[in-house]
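Secondary and tertiary structure notes
Given next are the chains, with one letter for each unit.
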Amino acid sequence: MMQPDELARTATQLGENQAIFTWQHPLPENAELSLAQAQDLERSQDRLRAEFASDDASIAKAFRCLRACLAGNGQVNFGSFLPSIVLQTSETVAAIRGPVELLSQAALLVALAVVASAGVSLVARRATESTFLATHGTTPFAFALRSGVEAVVPAVVGTALGTVTALAVVETWGPGKVDPGARAEAVFRGAAALPAGLLLIGVAAGVAFFRRSEVGLRRLRTLASVPWEIGALLAAAYCFKRIVEGAALVPAQAGGVSRPSIFLLVFPIAAIAGFGGAAARGMRALMRLLSKKADRAPMALYLATRRVGGARRLAVSLVTSCVLAFGVLIYTQVLVSSLSTTVDAKSHLFVGSDLKAEVAEGVDLSQDGLGIPATRITRIPESVQLSGSEQDVDLLLIDPVTFAATAYWHDSFAGSALEPITAALGPAVKGVVPVVVVGDERRDLTMEASGTVVPLQVVANAASFPGVTESGPALVMAREAAESLTAANGANPLSSFVDQNEVWFKGGLDDINEAVADAGLILTLPVTADEVANLPSIATVVRTFRYLSGLGAGAGALAIVAMVFYLQAQQRSRTVAYALSRRMGLSRLKHMTAVIVELEWLVLGAFAAAALLGLVAAWVVLPHIEPLPAIPPEVLFTPPIRTGVVLGLGVALTGVAIGATVSRVSDRADFAGVLRAGG
Amino acid sequence: MQEAEPLAYVKDLVKTYRTESAHVEALRGVNAEIAAASVTAVIGPSGSGKSTLLRLLAGLDTASTGTVVVDGHVLTDVAPAALRRIRQDLVGYVFQRPGDNFIAHLTVAEHLELMAKRADGKSRLSHADLLQHLGIAGRSQHYPHQLSGGEQQRAAFASVLSSSPRLVVADEPTAELDSASGHALLELIADLRSLGVSFVIATHDSKVAEMADHRIHIDHGLVTDQTGKPHASQRRKLDVQRGNALYQPQHATQRATQHTERPRRATPIVTVDEISKRYRRGSEEVHALDRVSVELQPATVTALVGPSGSGKTTLLSLLAGWEEPDAGQIRWDRGSHGILGWREVAILPQKHGLLEELTIRENVAYPARLDRSTANEVQRVDDLLDELGLTELADRHPSQTSTGQQQRAALARGLLLRPRLLLADEPSGHQDKGWAEGVFCALRAAANSGTCCLVATHNEELAARCDEVISMRDGAVRSVSAGL
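Presented here is a report on the structure given in the accompanying data block.

Examining the overall build of chain A
- Within chain A one finds 24 helices and 11 strands.
- The C-alpha atoms of chain A give a radius of gyration of 35 Å, which is well past the 26 Å a tight globule of 679 residues would have.
- Taken along its principal axes, the extent of the C-alpha atoms in chain A is 110 × 85 × 50 Å.
- Per-residue burial over chain A gives 43% buried out of 679 residues.
- Considering only contacts within chain A whose residues lie at least 6 apart along the sequence, 76% involve residues at least 24 apart.
- Counting every atom, chain A has about 34,200 Å² of accessible surface; 62% of that belongs to carbon and sulfur.
- Charge centroids of chain A, computed over 53 positive and 56 negative side chains, lie 24 Å from each other.

Below, the structure is given as structure tokens:
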């Protein structure tokens, strides 16, 4: 290490006329760079680069001197991988931030709903106290203030526990270690949310208290007679209008990665809540009708239908909450499943199979030879014209023997499996070439290539086809048929076009690499379907709804917990009636069955309504969030049937367990004490 | 007619309740006046509109149409803040159910302080005097759930009075009090009347009616009589189509008013032999029963009388089999062990325990359904509903009926399967005089059919007409005497 001028002297003396000067920026002591640190480093590099290019910077002067010393032939090359790494990381972060921000907004909505519900339930559970205070002139404001103050300790404990738990989850399961700045921000946000939550509890309790008062009855009677579902449905209609107008996805600020907008979140919530509330009321009315016909039903069913038919507003609200929570879960699950299937289809259609690459001619691509399915494709873009159109369409030449086993296929592409379609492709028969027409529904076609008209036999019309990535029509024929085409001059009418050859491989990346290595093949320009599917712009959308489905599951669990509390409160209020019923001959088993049936009516009814509403909401939204719209196929609506069945079974079994537990609690009630307390 | 300006009045007052299955006209154009420094009794059968009138006077509900004026304030038009102030300073309300008058986590003393604070500390009587007068001075540090029903009622009154309202509105405040406690309460009311407090009391209690300065008779949502002179309650045949049937003697079967001949020394169906029972109420140990011995004969109506806290309910609970005595034995004539079914022992507790999800008819028929004898008892259900004036209410749910109607429905349910023993805790507590008679007739009819009816009651008139009267005090039987 020496001073630059000394180096120059030394190099000259040694007769060296070139030198490479390398500067290394000092790295931070810890080996890991955060994105912020990397961006700082990048800015340092930019400053250095600017100094090299400037006339006045001392380092630029030093280099000019050096160049002069070195016979004026010095060059300054500045290279770094840092900018591309920072860009890639920024895109990845943006792809994560988008869904996380939306999830954060959704979680905030859920938290607000839970906190508001706590305020309302506080009034409901302490109905006697609320009525007493209202009777003796307590104002809603005073009650709200009291409720807020009472909630301070549980709110502080809950906020602290929630913050600590969230940080621990991220530290444990990733996506990475918690940034010190993020930790501080999390604590700050928790502390800032605390007074907001207390205020909301107070307001909700105050409003609920006001509604119970005679003034509330007077003032709100007209308003209360208007179903709230109408407001929810109007909100849903507005959000859907915005979605249809193109506001479903919004570009994020960094990296150009789009993410789902708030409308995609509010629309299902408002729609499912609105229709769910109506469904809950409808279920109660249906139960009332059924209960009239259940006179001869077994005792458990008799009691259960009457209890559900006579359910009060609180029960209807709880059922609506269950419909909402389950509905959001199903909505997000359907979107995740459909988007994943669609992205998978698009990426595989784009690539043709799991991997495509250029491979030298003459290679044995049979499965026996290679060990994995593979097929060779020749693409002749914009080479032929179909009858009735002047548009040039792509021609895809395939090997029917190996194509079906290798190519990606979904029966919805052509309404049938791929094997019979490719089996129908082959050499021309009496000059008629069997083809698959993609993107055109006509059956009676000819094609023209270089002035030669070739009659076609359309064996299938497909909306999408592997390897066909343009939205316009395309033709698929057997390579053999294309090679046998002859123009009037005896030449092949396709020979004047430039073709692109590629080989498709099917299998996991490791299996493909192993097979290729064993066969001694060299792949050029390999592209995998996974690379296409994992583009940040696509991954963001799928990841968002995957996170939201987690939130939906959490909300569903909360709704079930609320149902448990409701059942417990119901059982407490029925203690005397139950005690007398036992004396009249109601067995523990019948009572337990009645409780379970009552709960199952509520939760399974909610689940069924939620499934229907979630499916419909996802179905109407999907076309507006189609990833990679330029690449076929159109979005594939793929409800996760198996997940839905498992979820439904889980809900049913949970209902049984809860009903049995609550029923057993009733059996342990101190009947004598309850009766004594009344007199 | 009132010569002085009334403290409160209502004019053309109408209140209609709409539920999902019923349309109830609780008040149909009521006109009434409440004089200052007076006691006004509002008298009428169950479901006549008494409680609704009281709630409107206290500003706790909104009228459909009409006017309510209290001390110059038009409650139907006043601003919400003013209405709250009226409820804080001017009008006190005592709920019918004792438990509704408290905040669960405040002691009796804390309730009085809370209410006094709302009245800016002005109180006509000191808290100690109030509690002393009501006989619950030793309960000031207890929580509401640690008090008996009667004690709760008295504490509720003390709480309301501690805020020194000008008008106290009370819904059947003596319904669950023994005669001594009721008497003490009425004395307090009389004292406070002389200090300028006005009382409006919905009641079936003849003592309250007698001490009242004015009486408002209400039936089917209309005032039928309003007088300041004491007069006998009138009975008239009224249109029963609205479901609030007034008890008529011909509802009872003829045999119900007569004793049947029975052997004097019939084998008791149950013998209680020196039973004692203690339980904990908070930190306090209560000696509920102390070596109690009784015999219950079949086909009798036996009254169990005594002040609140004397052990009546505990004795009923032990006979029902819901708890075991700490000492002594309960022996049944058939040597039954374990919990006896509804055909053996039927129960009518103070908390009636009707199933809200069932209609009145379905509640009455419920034991037969569980007993799988519904087909056999259809006629009996109809007979009991008719006997107890519930036919027109049969398709309503309990919450759509009055407390008195619920009580009669629970009695009908208890009598449905003709039990050997009926345990009834205050079966006439929420009945007007007419329906108290109706309840007694139903019990007598059941006894004539072989049922032993053990009735815990504060109703001295009813007790006197029973075959036997067991008097209890401080957990012990003081006397067993024959009734009239």
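Description of the overall build of chain B
- Scanning chain B for helices and strands turns up 13 helices and 19 strands.
- Taking all 484 residues of chain B together, the buried fraction comes to 60%.
- Looking at chain B alone, contacts between residues at least 24 apart form 72% of all its contacts between residues at least 6 apart.
- Total accessible area computed for chain B in this model is approximately 19,400 Å², and 46% of it derives from carbon and sulfur atoms.

Observations regarding the pattern of salt bridges
- Tallied over the entire structure, the rule returns 33 salt bridges over all chains.
- Two residues, Asp40(A) and Arg43(A), come together in a salt bridge whose shortest N-O distance is 2.5 Å. One end of the pair is Asp40(A) and the other is Arg43(A), both in helix 2 (residues 35-53) and three residues apart, which spans about a single turn.
- The class of Asp40(A) is partly exposed, set by a relative accessible area of 41%.
- The exposure class assigned to Arg43(A) is partly exposed, which follows from its relative accessible area of 44%.
- Here the residues in one salt-bridge network are Arg307(A), Arg574(A), Glu598(A) and Glu357(B), joined through shared partners.

With respect to the sheet that holds strand 14 (residues 327-332) of chain B
All names here are of chain B.
- Reading across the sheet, the three strands line up as 12-11-14 and stay open at both edges, with antiparallel pairing between neighbours. Two strands bound the open sheet, and with one partner strand each, they are strand 12 (284-296) and strand 14. Going from strand to strand, the sheet's axes swing by 25° on average, the running direction of each strand aside.
- Across five bridges, strand 11 (residues 270-281) lies against strand 14 in antiparallel orientation. Considered in strand 14, the bridge of Asp273 is made with Gln329.

Points about the packing of aromatic side chains
Residues and elements named next belong to chain A.
- Taken as a whole and assessed by the stated rule, the structure comprises 11 aromatic pairs over all chains.
- The interplanar angle of 80° and the centroid separation of 6.3 Å between the aromatic rings of Tyr331 and Phe545 together place this pair among those described as edge-to-face. One end of the pair, Tyr331, is in helix 13 (residues 313-351); the other, Phe545, is in helix 20 (residues 536-573), and 214 residues separate them in sequence. Across the pair, Phe545 and Tyr331 agree in class, each one buried.
- Between Trp409 and Phe413, the aromatic rings sit 5.3 Å apart at their centres with planes inclined by 90°, giving edge-to-face as the arrangement. Accessibility classification places Trp409 together with Phe413 in one group, the buried group.

Some words on the interface of chain A and chain B
- Facing the 51 residues of chain A at the interface are 63 residues of chain B.
- Roughly 4,800 Å² is buried in total at the junction of chain A and chain B, and carbon and sulfur atoms are behind 57% of that figure.
- Here chain A and chain B share two salt bridges between them.
- Note that Glu357(B) is salt-bridged to Arg307(A), the shortest N-O span being 2.9 Å.
- Inspection of the chain A/chain B interface yields 10 residue pairs in polar contact (both at pLDDT 80 or more).

Here's the deal with the nonpolar core
- Counting residues in hydrophobic clusters, the biggest one holds 83 residues, and the most contacted among them are Leu315(B), Tyr366(B), Leu411(B), Leu421(B) and Leu423(B).
- Ignoring sequence-local partners within four residues, the contact set of Leu421(B) consists of Ile269(B), Val270(B), Leu296(B), Trp332(B), Glu344(B), Val345(B), Ala346(B), Thr451(B), Cys452(B) and Leu454(B).
- Among the nonpolar cores identified, the runner-up in size contains 62 residues, and Leu548(A), Val595(A), Ala610(A) and Ala618(A) belong to it.

Things to note about helix 5 (residues 149-161) of chain B
- Across its 13 residues, helix 5 of chain B extends 19 Å between first and last C-alpha, which sits within 8% of the 18 Å expected from 1.5 Å per residue.
- Most of helix 5 of chain B sits out of view: 13 of its 13 residues are buried.

Side note on a nonpolar patch on the surface
Residue and element names in this part refer to chain A.
- Where nonpolar side chains cluster on the molecular surface, the patch consists of Val152, Val153, Val156, Val157 and Leu161 and spans about 410 Å² of accessible area.
- Following the sequence through the fold, Val157 ends up in helix 7 (residues 152-173).
- Overall, the relative accessible area of 44% leaves Val157 in the partly exposed class.

Notes on the packing of helix 13 of chain A against helix 22 (residues 588-621) of chain A
All names here are of chain A.
- One can describe the packing of helix 13 onto helix 22 by two numbers: an axis separation of 7 Å at closest approach and a directional angle of 40°. When the axis of helix 13 is compared with that of helix 22, the two are oblique. Our pair here, helix 13 against helix 22, has a crossing hand that is right-handed.
- The residue inventory of the contact of helix 13 with helix 22, partitioned by class, reads 20 nonpolar, two polar and no charged.

A short note on the sheet that holds strand 16 (residues 421-425) of chain B
Residue and element names in this part refer to chain B.
- Reading across the sheet, the six strands line up as 15-16-17-13-18-19 and stay open at both edges, with mixed pairing between neighbours. Where the open sheet ends on each side, the last strands, each with one partner, are strand 15 (345-348) and strand 19 (476-482). The mean inter-strand angle of the sheet, taken between neighbouring strand axes irrespective of direction, is 15°.
- As judged from the six bridges shared by strand 18 (residues 468-473) and strand 19, these two strands associate in the antiparallel manner. In the sheet register, Glu468 faces strand 19, and the bridge partner there is Ala482.

Digging into unusual backbone geometry
- One non-glycine residue, Ser450(A), lies in positive phi territory at about 50°.
- Mapping Ser450(A) onto the fold places it in the loop between strand 7 (446-449) and strand 8 (452-462).
- One non-glycine residue, Ala37(B), adopts positive backbone phi at about 50°.
- For Ala37(B), the position within the fold is in the loop between strand 2 (23-34) and strand 3 (39-43).

Considerations on the packing of helix 11 (residues 262-293) of chain A against helix 12 (residues 299-309) of chain A
Residue and element names in this part refer to chain A.
- Here helix 11 crosses helix 12 at 140°, and the two axes come no closer than 7 Å. Regarding the angle of helix 11 to helix 12, the classification is oblique. Note on packing geometry: the crossing formed by helix 11 with helix 12 is left-handed. For the pair helix 11 and helix 12, the contacting residues are Arg284, Met287, Arg288 and Ser291 in the first and Thr305, Arg306, Val308 and Gly309 in the second.

Quick word on the pairing of strand 3 of chain B
All names here are of chain B.
- Among the five residues that make up strand 3, five are buried, leaving the element largely enclosed by the rest of the structure.
- The alternating pattern of strand 3 places Val39, Ala41 and Ile43 on one face and Thr40 and Val42 on the opposite face, and all of these are buried.
- Bridging between strand 3 and strand 8 (residues 198-202) involves four bridges; their strand directions are parallel. Bridge pairing links Ala41 to Ile201 in strand 8.
- Strand direction decides the pairing type here: strand 3 and strand 9 (residues 214-219), joined by four bridges, are parallel. In the sheet register, Ile43 faces strand 9, and the bridge partner there is His217.

Conventions we followed
- Residues numbered from 1 in each chain as written.
- Chains lettered and ligands numbered in written order.
- Predicted model: local features only at pLDDT ≥ 70, side-chain atom pairs only at ≥ 80, totals over all residues.
- Heavy atoms only, no water.
- Helix = DSSP H or I, 4+ residues; strand = E, 2+ residues; numbered from the N terminus.
- Rg over C-alpha atoms; globule rule 2.2 N^0.38 Å.
- Buried < 20%, exposed > 50% of the residue type's maximum accessible area, 1.4 Å probe, protein only.
- Contact = heavy atoms within 4.5 Å.
- Areas by Shrake-Rupley, 256 points an atom, 1.4 Å probe, with all protein chains shown as cover.
- Lys, Arg positive; Asp, Glu negative; His and termini not counted.
- Charge placed at Lys NZ, Arg CZ, Asp CG, Glu CD.
- Salt bridge = Lys/Arg side-chain N within 4 Å of Asp/Glu carboxyl O.
- Pairing = 2+ DSSP bridges.
- Axes fitted to C-alpha atoms, helices over the stretch in contact; angles between N-to-C directions.
- Phe/Tyr/Trp six-rings, centres within 6.5 Å; stacked < 30°, edge-to-face > 60°.
- Buried area = accessible area lost by both parts, 1.4 Å probe.
- Polar contact = N/O pair within 3.5 Å; in protein donor to acceptor, adjacent residues only side chain to side chain.
- Core = buried A, V, L, I, M, F, W, Y, C linked by side-chain atoms within 4.5 Å.
- Expected span 1.5 Å × (residues − 1).
- Patch = residues over 30% accessible without salt bridge, like charges linked within 9 Å, V, L, I, M, F, W, Y side chains within 5 Å.
- Parallel < 35°, antiparallel > 145°, perpendicular 65-115°, else oblique.
- Left-handed = near helix turned anticlockwise from the far one by under 90°.
- Nonpolar A, V, L, I, M, F, W, Y, C, P; charged D, E, K, R; others polar.

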